[in-house]
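# Examining the three-dimensional arrangement
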Amino acid sequence: MNEMLTITIDGVECTCQKGEYLYDVATRNGIWIPVLCRSDAFDDHRACCRICIVEVEERGRRKVVTACVYPIEQECTVYTKSEKILEERAVIMALLAHRAPDSERMAEMNKFMGRSGFDRLISVDGEKCILCGLCVQACNSLGTGAISTVLRGTDKKVDTPYGNPSAFCVGCLSCANVCPTDAIEYTQTDTTRTIWNREFDLAFCEECGSLMGTTESVRHAAGEDSEVPSVCDACRKKKLADEMMQTYRYV
Ligand code: SF4
Ligand code: FES
């Protein structure tokens, strides 16, 4: 069994396993730390936005760490809202908010965590993306790999190759759903969904009529060698349960 440790976060005593990430311990104990590039969907965290910084005091020495990837290795005292952290977080927030001035989420966070005095920063007009890379990670984790970061410097962005509709995209919305700034736009009608410049037909359950995804995403989720399902998971389970009941009735 893993060694247990007791740490203090903002005056609250918290028990955790040695090696657990500080962010997870704080969240489990109801202590809020802002995150942007961290998603529960993945075990490996990117730790690139730095909005989750906190101060950790170990053996009398204080240091600033990123809570989302900081493993607790010894007893310590954590400060998530010290003056130093609030100052530094405000700078990080200002930089991110100027990188993505069109994102409502970033504007809200900046209002909450930001401070005045960053008027000299130049905003990237029309931008909502903070380049956290979560969307690319989501796409790669599904084995689709349809999007990546392209170009460099201030032109750097997430896109399909040459901005063309990608043959690998299945229109599943994983990228849009994981995006912390709502930067990935898509449109949907009763029968189609358009994302990354490509239009997909929607697939509906033959039993209950609920939306299952795009025909490509349903096919991709089923796997190459499997039959493409025509009913949703809930109906499939119900059907299986009904069939099982029938079988038992006749034995
Ligand atoms: S589109 Fe969203 S998820 Fe993708 S890099 Fe930009 S902010 Fe991150
Ligand atoms: S949430 Fe921790 S570095 Fe981005």
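Keep in mind it's a predicted model, so treat the numbers as computed, not measured.

### Things to note about the overall build of the chain
Across its full length, the chain holds seven helices and eleven strands. By the compact-globule yardstick of 18 Å for 251 residues, the chain is too spread out, its C-alpha radius of gyration being 23 Å. Dimensions of the chain, computed from the C-alpha atoms along their principal axes, are close to 70 × 55 × 25 Å. Sorting the 251 residues of the chain into buried and exposed places 30% on the buried side. Taking the intrachain contacts of the chain between residues at least 6 apart in sequence as the baseline, contacts between residues at least 24 apart amount to 54%.

### Concerning the sheet that holds strand 4 (residues 61–66)
Pairing is mixed across the open sheet formed by five strands, whose spatial order is 2-1-5-3-4. Looking at strand neighbours, the two that pair on one side only are strand 2 (12–17) and strand 4, the edges of this open sheet. Averaged over all neighbouring strand pairs, the angle between strand axes comes to 30°, with direction disregarded. By the bridge criterion, three bridges tie strand 3 (residues 53–58) to strand 5 (residues 77–79) in an arrangement that is antiparallel. When the sheet's bridge partners are listed, Glu55 is paired in strand 5 with Tyr79. Across the face of the sheet, helix 2 (residues 83–99) comes into contact with strand 3, strand 4 and strand 5 while running at roughly 150° to strand 3.

### Focus on the pairing of strand 9 (residues 192–195)
Here strand 9 shows one buried face, formed by Arg193 and Ile195, and one open face, formed by Thr192 and Thr194. In the sheet, strand 8 (residues 186–188) pairs with strand 9 via three bridges, with the strands oriented antiparallel. Bridged to Tyr186 within strand 9 is Ile195. Counting the residues between successive antiparallel strands, the hairpin from strand 8 to strand 9 contains three residues. In terms of strand pairing, strand 9 meets strand 10 (residues 198–204) through four bridges, oriented antiparallel. Looking at strand 10, one finds that Ile195 is bridged to Arg198.

### A few points about the domain arrangement of the chain
When the domains of the chain are assigned, the result is domain 1 (4–113) and domain 2 (134–243). Relative to domain 2, the C-alpha centre of domain 1 lies at a distance of 31 Å. Contact residues are listed per partner, giving ten residues for domain 1 and nine residues for domain 2. Taken together, the residues that form the side of domain 1 that touches domain 2 break down as six nonpolar, two polar and two charged.

### As for the packing of helix 2 against helix 3 (residues 104–113)
Remark: helix 2 packs on helix 3, axes separated minimally by 10 Å, with the N-to-C direction vectors making an angle of 155°. Taken as axis vectors, helix 2 and helix 3 run roughly antiparallel relative to one another. As helix 2 runs across helix 3, the sense of the crossing is left-handed. The residues of helix 3 that touch helix 2, namely those facing Arg89, Ala90, Met93, Ala94, Leu96 and Ala97, are Met106, Ala107, Met109, Asn110 and Met113.

### Some thoughts on the site of ligand 1
The environment of ligand 1 is made up of 14 residues, and the closest members are Cys129, Cys132, Cys135, Cys179 and Ala183. For the shell around ligand 1, the per-class residue count stands at twelve nonpolar, two polar and no charged.

### Some remarks on unusual backbone geometry
Residues other than glycine seldom take positive phi values, yet Arg50 does so here, at roughly 70°. Inspection of the secondary structure puts Arg50 in the loop between helix 1 (22–28) and strand 3. The backbone phi angle of Leu173 is positive, close to 75°, even though this residue is not glycine. Here Leu173 is to be found in the loop between strand 7 (157–159) and helix 5 (174–178). Among the residues examined, Leu173 registers 18 C-beta atoms within 10 Å and is labelled partly exposed.

### Let's talk about the pairing of strand 3
The two faces of a sheet get side chains in turn, since along a regular strand they alternate between them. For strand 3 and strand 4, the ladder comprises six bridges, and the chain directions are antiparallel. Bridge pairing links Glu55 to Val64 in strand 4. Count of turn residues in the strand 3/strand 4 antiparallel hairpin: two residues, of which Arg59 carries a positive phi of about 50°.

Cut-off values and rules
Residues numbered from 1 in each chain as written. Chains lettered and ligands numbered in written order. Predicted model: local features only at pLDDT ≥ 70, side-chain atom pairs only at ≥ 80, totals over all residues. Helix = DSSP H or I, 4+ residues; strand = E, 2+ residues; numbered from the N terminus. Rg over C-alpha atoms; globule rule 2.2 N^0.38 Å. Buried ≥ 20, exposed ≤ 12 C-beta atoms within 10 Å, placed from the backbone. Contact = placed C-beta atoms within 7 Å. Pairing = 2+ DSSP bridges. Axes fitted to C-alpha atoms, helices over the stretch in contact; angles between N-to-C directions. Domains from an automatic or database assignment. Nonpolar A, V, L, I, M, F, W, Y, C, P; charged D, E, K, R; others polar. Parallel < 35°, antiparallel > 145°, perpendicular 65-115°, else oblique. Left-handed = near helix turned anticlockwise from the far one by under 90°. Near = placed C-beta within 6 Å.

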